[in-house]
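# Chains, contacts and geometry: an overview
Chain by chain, the residues run as shown.
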Amino acid sequence: MKNEIETETLASESLSVRDKKHLWHPLTQHKLHPEMLGIVSAKGAVLYDENGKEYIDGIASWYTSAYGHCNEYITEKVYAQMQKLDQVVFSGFTHEPAIELSEELIKLLPENQEKLFFSDNGSTATEIGIKMALQFHFNQGRKRKTMLAFEEGFHGDTFGAMSVSGLSVYNGPFAEFFIDVERVDVPTDENIEAVLSKLEKRLQQNDIAGFIYEPLVQGAAAMKMHTADNLNRILKLLKKHGVLTIADEVMTGFGKTGKPFASEYIETKPDVICMSKALTAGLVPMAITSCSQEVYNAFYSDDMAKGLFHGHTYTANPLACTAAIAGLELLQSEEIQVGIKRIIGSHQKFNTRIKNHPKVARTRQCGIIFALDLNVKMERYGNLRDQMFKHFMDNGVFLRPLGSTIYISAPYVITDGQLQKIYTTIEDLLNSI
Ligand SMILES: *Cc1c(COP(=O)(O)O)cnc(C)c1O
């Protein structure tokens, strides 16, 4: 009886109030930020909160919902799969959705990619990439124990992924447990020769196992961009010295840069590619680490111990595979390809309009990702940043500024009207600070 009454009163309270009782949110200091916004539904590029207010999802819910929220093409396919095969162990068993996904994805990936290893999220995808690199050398009797990674890279929150991430402001308690990592400066036209000669010298010790990098755009570093040419020169040098290259395409994958994968713009192809986020179109979590035949062969042996002994319970979940197959179909559809081109053109026009604004330090764009830096100093999660976030939300636009950088990475189905609304909300902000 008591429970019933309690449940009733609870149900009449708002989501934001009920949330506070038992929930612990990611990347949140609850004492400073106690309020969570209750979201009840989403459709296309729009989120609806519990009071009926709408927000344009300007970052596709952390780059996942590329084809729009609650996309019926995807939900119907997954619903059908759900009634047929929901989950089965992927060690010793296989199934149609995983096989079909492998066939379709391999067609889209750079030519040298041959094998897919499944896991659950971006962090596990990179963790597996790192383990592949370390064991690739170990299996062949080579002592290569150090990883290379770009300054300010972000590769996730598990230990290996955290270790290679350069953005470690909040990693303090764990820093002494990290794996061996050395940093490479992100190349620019000014520093590229220096970066190459420093690397060349360092590589003489023959102890570097792998290099993990976000190709073309470093997402969490506030959409920092580098050129395909400069990155290519680094990759070429590393390959020459037997370093395994791992492209972390968790954010850039599935059309963000204008092509299915950022690695397509770069002549030297990676040995390993990490994918997640838009892989399953924002429906359910899943990740894939793909690799070349050469990498796979280093694990293929009569010796059990040379296998990759890594396995997650939900490996290649049939529902997630089905969502991914539907996502790949959409990505290659006329409608989505037109949408991507339309967004690219629209951002270019906005850029011309805004790049000389006195409050704008610089702008940059890669595919559908657009970013602008304010020429105002501020902390990554400081007060002004919070005010900007509030301005966007008050105006019905969901953007998450990173320090003084405002960026857009919207679903490909966003309408022209919704895009214009994002632009004018940004312009209003610029005119008010
Ligand atoms: C988000 C992200 C990750 C981590 O993915 P999770 O699913 O959050 O664990 C790794 N690498 C890049 C480039 C990312 O953007």
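Residues numbered from 1 in each chain as written. Predicted model: local features only at pLDDT ≥ 70, side-chain atom pairs only at ≥ 80, totals over all residues. Heavy atoms only, no water.

### Things to note about the overall build of the chain
Formally: Counting from the N terminus, the helices are DSSP H or I runs at least four residues long and the strands are E runs at least two residues long. The globule rule used here is 2.2 Å times the number of residues to the 0.38 power, and the radius of gyration it is set against is calculated over C-alpha atoms. Only protein chains enter the area calculation, which uses a 1.4 Å probe; residues under 20% of their type maximum are buried, those over 50% are exposed, and those in between are partly exposed. Pairs of residues are marked as contacts when any of their non-hydrogen atoms sit within 4.5 Å. Here the open area of atoms and residues is found with the Shrake-Rupley method and a 1.4 Å probe, where only the protein chains shown may cover a residue. Counted as positive: Lys and Arg. Counted as negative: Asp and Glu, with His and the chain ends omitted from the count. Each charge is placed at NZ for Lys, CZ for Arg, CG for Asp and CD for Glu.
For the chain, the count of helices and strands is 14 helices and 16 strands. Over its C-alpha trace the chain gives a radius of gyration of 22 Å, about what one expects of a compact globule, namely 22 Å for 433 residues. With the C-alpha coordinates of the chain rotated into their principal frame, the extents come out at 60 × 60 × 50 Å. Residues classed as buried in the chain amount to 51% of the 433 residues present. Within the chain, counting contacts between residues at least 6 apart in sequence, those at least 24 apart form 70% of the total. As displayed, the chain has an accessible area near 21,000 Å², and 54% of this comes from carbon and sulfur atoms. A distance of 5 Å separates the average location of the 44 positive side-chain charges in the chain from that of its 53 negative side-chain charges.

### As for the layout of surface pockets
Definition in use: Lining residues are defined by having an atom within 4 Å of a point belonging to a cavity or pocket. Those points lie on a 1 Å grid over the protein atoms alone, cavities being sets where a 1.4 Å probe fits but cannot get out and pockets being open sets with protein on both sides within 12 Å along at least five of seven lines. Grid points are joined across faces, edges and corners, and a volume is the space filled by probe spheres set on the points.
Volume-wise, the second largest pocket comes out at about 780 Å³. In this structure, the second largest pocket is lined by 24 residues; those nearest its centre are Leu116, Phe117, Tyr296, Leu308 and His310. Those elements that provide at least two residues to the lining of the second largest pocket are strand S4 (113–119) and helix H10 (293–297). Tallying contributions element by element places S4 first for the lining of the second largest pocket, with four residues.

### Focus on the site of the ligand
Basically, it comes down to this: Residues are labelled near a given molecule or strand when at least one of their non-hydrogen atoms is within 4 Å of it. Here a polar contact is recorded for every N or O atom pair within 3.5 Å, except that within protein the pair must consist of a potential hydrogen donor and a potential acceptor, and residues adjacent in sequence are included only if both atoms are side-chain atoms. Classification convention: Asp, Glu, Lys, Arg as charged; Ala, Val, Leu, Ile, Met, Phe, Trp, Tyr, Cys, Pro as nonpolar; all other residues, Gly among them, as polar.
The full set of residues close to the ligand is Asn121, Gly122, Ser123, Phe154, His155, Gly156, Glu214, Asp248, Val250, Met251 and Lys277. At 2.7 Å from a nitrogen atom of the ligand is found a side-chain nitrogen or oxygen belonging to aspartate 248. Lysine 277 places a polar side-chain atom, nitrogen or oxygen, 2.7 Å from an oxygen atom of the ligand. For the ligand, whose unbound accessible area comes to 380 Å², protein coverage reaches 81%. Among the residues making up the shell around the ligand, the classes are represented as three nonpolar, five polar and three charged.

### Observations concerning the pairing of strand S1 (residues 39–43)
Convention followed: The pairing criterion for strands is at least two bridges between them, as found by DSSP.
Here four bridges tie S1 to strand S2 (residues 46–49), and the two strands are oriented antiparallel to one another. Paired with isoleucine 39 across the bridge in S2 is aspartate 49. Linking two consecutive strands that pair antiparallel, namely S1 and S2, is a turn of two residues; a positive phi of about 55° is found at glycine 44 within it.

### Quick look at the domain arrangement of the chain
For clarity, the cut-off: Those domain boundaries reflect an automatic or database domain assignment. Take the accessible area each of two parts loses on contact, using a 1.4 Å probe, and add the two losses: that sum is the buried area.
Segmenting the chain into domains produces domain 1 (37–70 + 334–432) and domain 2 (73–331). A straight line from the C-alpha centre of domain 1 to that of domain 2 covers 27 Å. Contact residues are listed per partner, giving 25 residues for domain 1 and 25 residues for domain 2. When domain 1 packs against domain 2, close to 2,100 Å² is buried across both sides, 68% of that on carbon and sulfur atoms.

### Let's talk about the sheet that holds strand S16 (residues 405–408)
Where we set the bar: Note on geometry: axes are lines fitted to C-alpha atoms, helical ones only across the stretch in contact, with angles between N-to-C directions running from 0 to 180 degrees.
Pairing is antiparallel in the open sheet, where three strands are placed in the order S13-S14-S16. Lying at the two open borders of the sheet, with one neighbouring strand each, are strand S13 (360–366) and S16. Adjacent strand axes in the sheet meet at a mean angle of 15° when their direction is disregarded. When strand S14 (residues 369–374) meets S16, the two strands line up antiparallel, connected through four bridges. Opposite leucine 372, over in S16, you have isoleucine 406 as the bridge partner. Contacts between helix H12 (residues 334–354) and the sheet are confined to S13, S14 and S16, with S13 contributing the most and set at about 165° to the helix. Contacts between helix H14 (residues 416–432) and the sheet are confined to S13, S14 and S16, with S16 contributing the most and set at about 170° to the helix.

### Description of the packing of aromatic side chains
Each aromatic ring pair is summarised here by two numbers: the centre-to-centre distance and the angle between the ring planes. Note the cut-off: Working definition: rings of Phe, Tyr and Trp (its six-membered ring) pair if their centres are within 6.5 Å, and the pair is stacked with planes under 30 degrees apart, edge-to-face with planes over 60 apart, and tilted otherwise. Both a distance and an angle decide whether a charge sits over a ring: NZ of Lys or CZ of Arg must be within 6 Å of the ring centre and within 35 degrees of the ring normal.
Following the criterion strictly, the structure yields 11 aromatic pairs and no others. Grouped by ring-pair contacts, the aromatic residues Phe150, Phe211 and Tyr213 constitute a single cluster. Just above the ring of tyrosine 296 sits the side chain of lysine 115; from NZ or CZ to the centre is 4.4 Å. Across from the ring centre of tyrosine 265, 4.8 Å away, lies the NZ or CZ of lysine 259, which sits over that ring.

### Some thoughts on the sheet that holds S4
One open sheet holds the seven strands; their spatial order is S4-S12-S11-S10-S7-S5-S6, and the pairing between them is mixed. Unpaired on one side and paired on the other, S4 and strand S6 (181–184) mark the two borders of the sheet. Ignoring strand direction, the axes of neighbouring strands in this sheet form an average angle of 20°. Bridge analysis of strand S11 (residues 272–275) against strand S12 (residues 287–292) gives four bridges, and the strand direction is antiparallel. Of the residues in S12, the one forming a bridge with valine 272 is cysteine 291.

### Examining the nonpolar core
The condition is simple: In plain words, nonpolar cores are sets of buried Ala, Val, Leu, Ile, Met, Phe, Trp, Tyr and Cys residues tied together by side-chain atoms within 4.5 Å.
With 97 residues, the main nonpolar core has Tyr67, Leu101, Leu105, Phe211, Phe254 and Ile426 as its most contacted residues. Ranked by residues supplied to this core, first place goes to helix H11 (residues 318–331) with 10 residues. In this structure, this core is formed jointly by two domains, domain 1 (37–70 + 334–432) and domain 2 (73–331), each of which donates at least three residues. For tyrosine 67, the contacting residues outside a window of four places in its chain are Ile74, Phe254, Ala278, Ala281, Gly327, Leu330, Leu331, Ile336, Tyr412 and Val413. If you look at the next biggest cluster of nonpolar residues, it comprises 21 residues, including Ala133, Met147, Ile246 and Val272.

### Details of a nonpolar patch on the surface
To be explicit about the condition: Exposure above 30% relative accessible area and the absence of a salt bridge qualify a residue for a patch, where like charges join within 9 Å and nonpolar side chains (Val, Leu, Ile, Met, Phe, Trp, Tyr) within 5 Å. What makes a salt bridge here is a side-chain nitrogen of Lys or Arg within 4 Å of a carboxyl oxygen of Asp or Glu, nothing more.
Taken together, the side chains of Phe159, Phe174 and Phe177 define a hydrophobic patch exposed on the protein surface, amounting to about 310 Å² of accessible area. Within the secondary structure layout, phenylalanine 174 lies in the loop between helix H7 (159–164) and S6. With relative accessibility at 33%, the residue phenylalanine 174 sits in the partly exposed group.

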